[in-house]
Amino acid sequence: MKIVVLGASHGGFETVEELLATYDDLEIKWFEKNDLAAVIGWDKETTIHKIKELEDRQVEIFNKTEVIKVNAKEHKVEAVDRNGNKISESYDKLILSPGAKPNMLPVSGNDLKNIQTLGGREDMDMIREKAQDPTIENVVVVGAGYIGVGAVQILGMAHKNITLIDVSELPLSTYLDSEFTHKIMSEFVDKGVHLAMHNFVQNFVGNDQNEVTSVVTDKAEYPADLVVVAAGSHPNTEWLNGVVDMTERGLIKTDKYLHTSNPDIFAIGDVTEVFYNPGQNDMNISLASNARLQASYVVRNLKDDCYSINGVQGTSAWMAFDYKFAATGLNETTAKRLDVAIDSAFIEVDVPRDHTQISHILFKVVFDPKTRAILGAQIMSKDNLNDNINAISIAIQAKLTIDQLAYGDFFFEPGLKSQRSIFNLVGLKAIEKGTSN
Ligand SMILES: Cc1cc2nc3c(=O)[nH]c(=O)nc-3n(C[C@H](O)[C@H](O)[C@H](O)COP(=O)(O)OP(=O)(O)OC[C@H]3O[C@@H](n4cnc5c(N)ncnc54)[C@H](O)[C@@H]3O)c2cc1C
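Residues numbered from 1 in each chain as written. Predicted model: local features only at pLDDT ≥ 70, side-chain atom pairs only at ≥ 80, totals over all residues. Heavy atoms only, no water.

## Observations concerning the overall build of the protein
Thinking step 1. Counting its regular elements, the protein contains eleven helices and 25 strands.
Thinking step 2. Here the C-alpha atoms of the protein give a radius of gyration of 24 Å, agreeing with the 22 Å that 2.2 N^0.38 yields for 437 residues.
Thinking step 3. Seen through its C-alpha atoms, the protein measures out along the principal axes to roughly 65 × 60 × 45 Å.
Thinking step 4. Entry remark: accessible area of the protein is about 20900 Å², with carbon and sulfur atoms responsible for 48%.
Thinking step 5. Positive and negative side-chain charges in the protein, numbering 42 and 62 respectively, have mean positions lying 2 Å apart. (Helix = DSSP H or I, 4+ residues; strand = E, 2+ residues; numbered from the N terminus. Rg over C-alpha atoms; globule rule 2.2 N^0.38 Å. Areas by Shrake-Rupley, 256 points an atom, 1.4 Å probe, with all protein chains shown as cover. Lys, Arg positive; Asp, Glu negative; His and termini not counted. Charge placed at Lys NZ, Arg CZ, Asp CG, Glu CD.)

Structure (structure tokens):
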């Protein structure tokens, strides 16, 4: 069977790895329009070794080669490499993971030099390089979501003078509730980051050399030698119009086995929607973990429709300077957006980490006030306790209640002060809240 895989990032990479681990009768053609090794993050030595291994397993790599057309009727893709050479390959099954492109703000001056969007590993590496550039002093980051905050982190460590702009009132507001984001705001201020929340960018200003010099918002003008725009993304699918069915936003529609409207074409990753268990709805959640999970299902469903994909909780983890945090499922912002009634319980506790150290932890659980089913959670600490969120993710998937959480069985180590885990504690607080309503 001949398989064409498009894309070498999380979705495409996981697909090829799992195809090779699962089948030994495939001929695989793997297309990546950028440099495959850079996309995956292989160093020189690993690249040589991996390419040889892939070739030995009948994987032909079309590096720096863009697929420009899918002829679904003839089961063929057409591609063009960086030298303009045209390539045509047939397939029995085509697996698409073309990802998303970062949005640029549609304002004047957006074509000035030193305005950079963040779309993946290579862009992040570029930010790391710029962080070491002594000619760059003032940096404006537009967008206070995970990606913008990631850029602030890198540039802040390099002691740049940073302004973080967002239209919302609080940074990270789609991931964390205000109990957490207020602390993160203080952390930013302590680390010298200037917060320009509730600011709308109007335009970028440049000098004679066409280099950006400032960002103008409805509230102020901020000096900038570098602007990082992290204002969402859009699916990389315009070129697939008419080939597979898509939503209005250009997301590829898939069924529960991840077939597109054409049964021989699968789609995964940032160009698709996933079933979101906490909201019981389909939505686009751009996470590597989702792309990789979908890849596993495509591989298992390659020859027959055997496994319908489980929903996800959108579980993610990140950091803002000293704080490490993780979230899963609904929070107050996303519940409101999806019109889901929720209640919540929040604890801020000191818990012994070992015999000498104590972790200060913020933990919140979100639940359905009627059924008491757990619908979401957030955790934050200066110690890395993010792994705990995975337990809540599974609890949501298994439809566990706050009562089961409160009286769940969690290990206790002798010598430590508290006999109750943070799960018991937040569950008990939730019961208290749930009973008093
Ligand atoms: C800065 C940053 C940090 C992130 N951190 C995390 C994290 O910590 N955890 C997490 O879960 N998620 C994270 N994400 C999100 C995660 O990176 C994406 O969800 C994931 O990369 C999606 O994988 P994908 O395969 O769908 O698409 P992409 O990663 O976008 O890859 C698509 C690939 O397809 C190639 N391609 C596109 N069109 C064509 C074509 N026509 N022909 C050939 N090749 C083509 C592209 O060059 C690209 O390499 C982060 C994202 C960013 C931007």
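That shown, we press on.
## A word on the domain arrangement of the protein
Thinking step 1. Taken as a whole, the protein is organised into domain 1 (2–101 + 234–300), domain 2 (104–231) and domain 3 (322–436).
Thinking step 2. Relative placement of domain 1 and domain 3: their C-alpha centres are 36 Å apart.
Thinking step 3. The interface is formed by six residues belonging to domain 1 together with six residues belonging to domain 3.
Thinking step 4. Summed over both sides, the interface between domain 1 and domain 3 buries roughly 480 Å², with carbon and sulfur atoms accounting for 68% of that surface.
Thinking step 5. Of all residues in domain 1, Tyr-276, Asn-277 and Pro-278 bury the most surface against domain 3, accounting for 74% of the area lost on that side.
Thinking step 6. Here domain 1 and domain 3 share zero salt bridges between them. (Domains from an automatic or database assignment. Contact = heavy atoms within 4.5 Å. Buried area = accessible area lost by both parts, 1.4 Å probe. Salt bridge = Lys/Arg side-chain N within 4 Å of Asp/Glu carboxyl O.)

## Topic: the packing of aromatic side chains
Any pair of aromatic rings gets described here by the distance separating the centres and the angle formed by the planes.
Thinking step 1. Tallied over the full model, the rule gives nine aromatic pairs.
Thinking step 2. Arranged with centres 4.9 Å apart and planes meeting at 25°, the rings of Phe-410 and Phe-423 form a pair that is stacked. Of this pair, Phe-410 sits in the loop between α10 (402–406) and α11 (422–436) while Phe-423 sits in helix α11, and the two are 13 residues apart along the sequence.
Thinking step 3. You can call Phe-410 partly exposed: its relative accessible area is 29%.
Thinking step 4. Of the aromatic side chains, those joined through ring pairs into one cluster are Tyr-146, Tyr-175, Trp-318 and Phe-325.
Thinking step 5. Between Arg-300 and the ring centre of Tyr-297, over which it is positioned, the NZ or CZ distance is 4.8 Å.
Thinking step 6. Above the ring of Tyr-307, the side-chain terminus of Arg-300 is found at 4.1 Å from the ring centroid. (Phe/Tyr/Trp six-rings, centres within 6.5 Å; stacked < 30°, edge-to-face > 60°. Buried < 20%, exposed > 50% of the residue type's maximum accessible area, 1.4 Å probe, protein only. Lys NZ or Arg CZ within 6 Å of the ring centre and 35° of its normal.)

## Quick word on the packing of helix α1 (residues 10–22) against helix α7 (residues 288–300)
How two helices sit against one another is set out by the angle between their axes and by the gap between those axes.
Thinking step 1. Where α1 contacts α7, the axes come no closer than 8 Å and their chain directions differ by 35°. The hand of the α1/α7 crossing is right-handed. Residues His-10, Gly-11, Phe-13, Glu-14, Thr-15, Glu-18, Leu-19 and Thr-22 of α1 form the contact with α7, whose participating residues are Ala-288, Ala-291, Arg-292, Ala-295, Ser-296 and Val-299.
Thinking step 2. Of the residues that constitute the contact of α1 with α7, the class distribution is six nonpolar, five polar and three charged. (Axes fitted to C-alpha atoms, helices over the stretch in contact; angles between N-to-C directions. Left-handed = near helix turned anticlockwise from the far one by under 90°. Nonpolar A, V, L, I, M, F, W, Y, C, P; charged D, E, K, R; others polar.)

## Some details on the pairing of strand β10 (residues 138–142)
Thinking step 1. Buried residues dominate β10, accounting for five of its five residues.
Thinking step 2. One ladder, built from five bridges, connects β10 with strand β11 (residues 161–166); its direction is parallel. Along β11, the bridge assignment pairs Asn-138 with Asn-161.
Thinking step 3. Handedness of the crossover joining β10 and β11 through helix α5 (residues 146–157): right-handed.
Thinking step 4. As judged from the four bridges shared by β10 and strand β16 (residues 226–229), these two strands associate in the parallel manner. Across the sheet, the residue bridging to Val-142 is Val-229, located in β16. (Pairing = 2+ DSSP bridges. Right-handed = clockwise from strand over helix to strand, strands pointing away.)

## Remarks on the site of the ligand
Thinking step 1. Taken together, 31 residues surround the ligand, and among them Ser-9, Glu-32, Ser-97, Asp-270 and Ala-288 come closest.
Thinking step 2. In the model, an oxygen atom of the ligand is placed 2.6 Å from a nitrogen or oxygen of the Glu-32 side chain.
Thinking step 3. Interatomic distance of 3.4 Å between a backbone N/O atom of Ser-289 and an oxygen atom of the ligand.
Thinking step 4. Expressed as a share of its isolated accessible area of 1000 Å², the protein-covered part of the ligand is 83%. (Near = heavy atom within 4 Å. Polar contact = N/O pair within 3.5 Å; in protein donor to acceptor, adjacent residues only side chain to side chain.)

## Overview of the sheet that holds strand β9 (residues 115–117)
Thinking step 1. Across the sheet, five strands lie side by side as β9-β16-β10-β11-β12; this open sheet has parallel pairing. This sheet does not close on itself; its edge strands, each paired only once, are β9 and β12 (194–197). Strand-to-strand twist in this sheet, taken as the mean axis angle between neighbours without regard to direction, amounts to 20°.
Thinking step 2. In the packing of helix α4 (residues 121–131) onto the sheet, the strands contacted are β9 and β16, and the crossing angle to β9 comes to about 145°.
Thinking step 3. Sheet contacts for α5: β10, β11 and β16; angle to β10, the most-contacted strand, approximately 165°.

## Describing the pattern of salt bridges
Thinking step 1. Counted according to the given criterion, the structure contains 21 salt bridges.
Thinking step 2. Here Lys-50 and Glu-17 are joined by a salt bridge, their closest N and O atoms 3.9 Å apart. Separated by 33 residues along the polypeptide, Lys-50 in helix α3 (residues 44–56) and Glu-17 in helix α1 bring together distant segments of the chain.
Thinking step 3. The class of Lys-50 is buried, set by a relative accessible area of 18%.
Thinking step 4. The class for Glu-17 is partly exposed, based on a relative accessible area of 33%.
Thinking step 5. Put simply, Glu-187 and Lys-191 hold a salt bridge, and the shortest N to O gap is 3.2 Å.
Thinking step 6. You can call Lys-191 partly exposed: its relative accessible area is 39%.
Thinking step 7. Taken together, the shared-partner salt bridges in this structure form one network comprising Asp-177, Glu-179, Glu-332 and Lys-364.

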